[in-house]
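Residue strings, one per chain:
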Amino acid sequence: TQPLLRVEDLSKHYEVARQGLLEEKKYVRAVNGVSFDISEGETFGLVGESGCGKSTTGQMLVHLVQHTGGQIHFAGRDITNLSKHEMKALRKELQIVFQDPYSSLNPKKKIGWLLEEPLIIHQIGSKAERQKIISEVLEQVGLDQSHLQRYPHELSGGQKQRVGIASALVLNPKFIVIDEAVSALDVSVQSQILNLLKELQRVRGLTYLFISHDLNVVQYMSDRVGVMYLGKMVEIFDVEAGGGPLHPYTRALFSSIPQVGSRQKERIVLSGDVPNPISPPPGCAFHPRCPLAVEQCRHSTPVLRSQEAGHYVSCHLYEEEAVHENRSHIGSA
Ligand code: SF4
Ligand code: MG
């Protein structure tokens, strides 16, 4: 089956100011040739340290940030470049829920207005029909009519995020980018919101791109996980598949939390900070921090390759392993 969303070689490069005329142009490659697809009804998690490009990737998918390269296909249609008019129509299909329910809600508007506004903008329904849509969505997110007359500051953090989710849902989208949507909430409220998102996905057949720096949360929510480092996708793995991640960076990240899969045994602590994205290290950009780096890693850039069914890794170690495996197969035949 065709994926609902397909991203190919997506990039966002920013030019940074030059110090002098003679200096070369420099770019921040915030997102640097990222490819993945998401099936209908799936939750694809996106993880990585702050500044790895995961939010920028999510924002490019819903056209809040303009890409500088690559392609985006949605429901079999090329949505890479759209007119304003086409963009507006697409908003009904593709929504985003942000981290901070405090700042994304207009403090001067009552909740009832915040939920009706998208419907008015998109000229959906009569007043009565809009109220019906809002009532249904309110109930689905665990709020009731009494909340419509309130202002955002009169709600708790969890209630505000429920409003944020409701305002994404009123247009009946197929796909939602969820960017750190529970990071600002208390842990007990976080789990309520996560379970609500799962329930909404089941009931409404939603597809999610779930962005978070919190690996526990991503592991809980996602069917597959994509791991970004300095603007690149370094691994894509299936959470349920059992083997767990392979890339040294992913293994280090996930070694700090209860196990995904069976491969991870001991805690791996990463040394050093994420390098400056204006001048990333040559070869594998992770090599200065990688406990398993070999000479080749300093000058040769690995590419994301299929390792096993549904599992993609960008690391020289596994290229070699693949070669050795093939040899031993030949040898034992
Ligand atoms: Fe480490 Fe080399 Fe693999 Fe990069 S390519 S993750 S430096 S082993
Ligand atoms: Mg972010």
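Residues numbered from 1 in each chain as written. Chains lettered and ligands numbered in written order. Predicted model: local features only at pLDDT ≥ 70, side-chain atom pairs only at ≥ 80, totals over all residues.

- Per an unreviewed UniProt entry, the chain is named ATP-binding cassette domain-containing protein, and its organism is Paenibacillus lutimineralis.
- Recorded in UniProt under Sequence similarities (unreviewed entry), the annotation for the chain is "Belongs to the ABC transporter superfamily." (UniProt positions renumbered as here; feature names shortened; annotations may be inferred.)

**Quick look at the overall build of the chain**
Thinking step 1. Regarding its fold elements, the chain presents nine helices and twelve strands.
Thinking step 2. Computed over C-alpha atoms, the radius of gyration of the chain comes to 22 Å, within 12% of the 20 Å expected from 2.2 N^0.38 for 333 residues, which places it in the range of a compact globule.
Thinking step 3. When the backbone C-alpha atoms are referred to their principal axes, the chain occupies close to 70 × 55 × 35 Å.
Thinking step 4. In the chain, which comprises 333 residues, the share counted as buried stands at 38%.
Thinking step 5. Counting contacts in the chain only where the partners sit at least 6 residues apart, residues at least 24 apart contribute 62% of the total. (Helix = DSSP H or I, 4+ residues; strand = E, 2+ residues; numbered from the N terminus. Rg over C-alpha atoms; globule rule 2.2 N^0.38 Å. Buried ≥ 20, exposed ≤ 12 C-beta atoms within 10 Å, placed from the backbone. Contact = placed C-beta atoms within 7 Å.)

**Things to note about the pairing of strand β3 (residues 43-47)**
Thinking step 1. Among the five residues of β3, five are classified as buried, and the element is accordingly described as predominantly covered.
Thinking step 2. Residues T43, G45 and V47 line one face of β3 and the alternating positions F44 and L46 line the opposite face, and both faces are buried.
Thinking step 3. Where β3 meets strand β8 (residues 207-211), four bridges bridge the pair, whose relative direction is parallel. Bridge pairing in β8 places T43 opposite Y208.
Thinking step 4. Here β3 pairs with strand β9 (residues 224-229) via four bridges, running parallel. Pairing of V47 across the sheet is with V227, part of β9. (Pairing = 2+ DSSP bridges.)

**Points about the sheet that holds strand β10 (residues 232-238)**
Working definition: the strands of a sheet are paired by backbone hydrogen bonds and lie parallel or antiparallel to each other.
Thinking step 1. Taken together, the eight strands give an open sheet; going across it, the order is β6-β7-β8-β3-β9-β10-β12-β11, and neighbouring strands pair in mixed fashion. In this open sheet, the two edge strands, each paired with only one partner strand, are β6 (94-97) and β11 (305-308). Shown here is a sheet whose adjacent strand axes are inclined to one another by a mean of 25°, direction ignored.
Thinking step 2. As paired strands, strand β7 (residues 175-179) and β8 are joined by five bridges and run parallel to one another. Bridge pairing in β8 places V177 opposite L209.
Thinking step 3. Strands in contact with helix α5 (residues 157-169) are β6 and β7; relative to β6, the strand with the most contacts, it is inclined by about 170°. (Axes fitted to C-alpha atoms, helices over the stretch in contact; angles between N-to-C directions.)

**A short note on α5**
Thinking step 1. With 13 residues, α5 extends 18 Å between its outermost C-alpha atoms, agreeing within 8% with the 18 Å of an ideal straight helix rising 1.5 Å per residue.
Thinking step 2. Counting buried positions over the 13 residues of α5 gives ten, a clear majority of the element.
Thinking step 3. Among the residues of α5, K160, Q161, R162, V163, G164, I165, A166, S167, A168 and L169 are the ones counted as buried.
Thinking step 4. Where α5 is buried, its residues contact β6, α3 (111-121), α4 (127-140), β7 and α6 (187-204). (Expected span 1.5 Å × (residues − 1).)

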